[in-house]
Amino acid sequence: MNFATQSKFDILTALRDGPLNVSQIAEKIGDEQSAVSHNLRKMSMCSVLNVRREGKQRIYSLNRDTVLPILEIVEKHVKKCCSGRCKNE
């Protein structure tokens with residue numbers, strides 16, 4: 001699976017604060033619900049995300065055992081090595 005898309009990275013950061021359904025994720029990242037749903041399916045198939053059902057909704061959350069530590073390492077690196085030198089594009 002490729003994490004090189006902005007949408008997938010945005011999904012990861014949106015879920016960092018806690019579980020969300022597809023509509024909440026789409027609203028939070030400003031992307032089409034169908035595109036978000038497509039990415040969520042791929043990401044959950046690879047165990048990047050956990051998914052549970054609540055009625056008719058699927059609730060997505062980060063795999064906190066593996067993905068959250070990776071995000072924390074990336075943030076630490078960016079703060080230490082990229083502060084003031086890297087531009088957001």
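This structure is a prediction, so every number in the text was calculated from the model and none was measured.

Caption draft 1: Quick look at the overall build of the chain. Along the backbone of the chain there are four helices and three strands. Put simply, the chain runs from its N terminus to its C terminus through helices and strands in the order α-β-α-α-β-β-α. Counting contacts in the chain only where the partners sit at least 6 residues apart, residues at least 24 apart contribute 49% of the total. Total accessible area on the chain is roughly 6,400 Å²; 50% of this is exposed by carbon and sulfur atoms.

Caption draft 2: Region of interest: helix H4 (residues 67-82). With 16 residues, H4 extends 21 Å from end C-alpha to end C-alpha; this agrees with the ideal 22 Å at 1.5 Å per step. Listed in full, the buried residues belonging to H4 are Val67, Leu68, Leu71 and Cys82. What you see down the axis of H4 is that its buried residues fit within an arc of 110 degrees, all on one side. Structural note: H4 exposes Ile73, Lys76 and Lys80 on the side pointing more than 90 degrees away from its buried face. Of the surrounding secondary structure, the elements contacted by the buried residues of H4 are helix H1 (6-15) and strand E3 (57-62).

Caption draft 3: Geometry of the state of the cysteines. This model, assessed by the stated rule, comprises zero disulfides. Summary of cysteine pairing: Cys81 is not part of a disulfide, and the nearest cysteine sulfur, belonging to Cys82, is at 6.1 Å. Classification of Cys82 as buried rests on a relative accessible area of 17%.

Rules used in this analysis
- Residues numbered from 1 in each chain as written.
- Predicted model: local features only at pLDDT ≥ 70, side-chain atom pairs only at ≥ 80, totals over all residues.
- Heavy atoms only, no water.
- Helix = DSSP H or I, 4+ residues; strand = E, 2+ residues; numbered from the N terminus.
- Contact = heavy atoms within 4.5 Å.
- Areas by Shrake-Rupley, 256 points an atom, 1.4 Å probe, with all protein chains shown as cover.
- Expected span 1.5 Å × (residues − 1).
- Buried < 20%, exposed > 50% of the residue type's maximum accessible area, 1.4 Å probe, protein only.
- Arc of directions from axis to C-beta.
- Disulfide = S-S within 2.5 Å.

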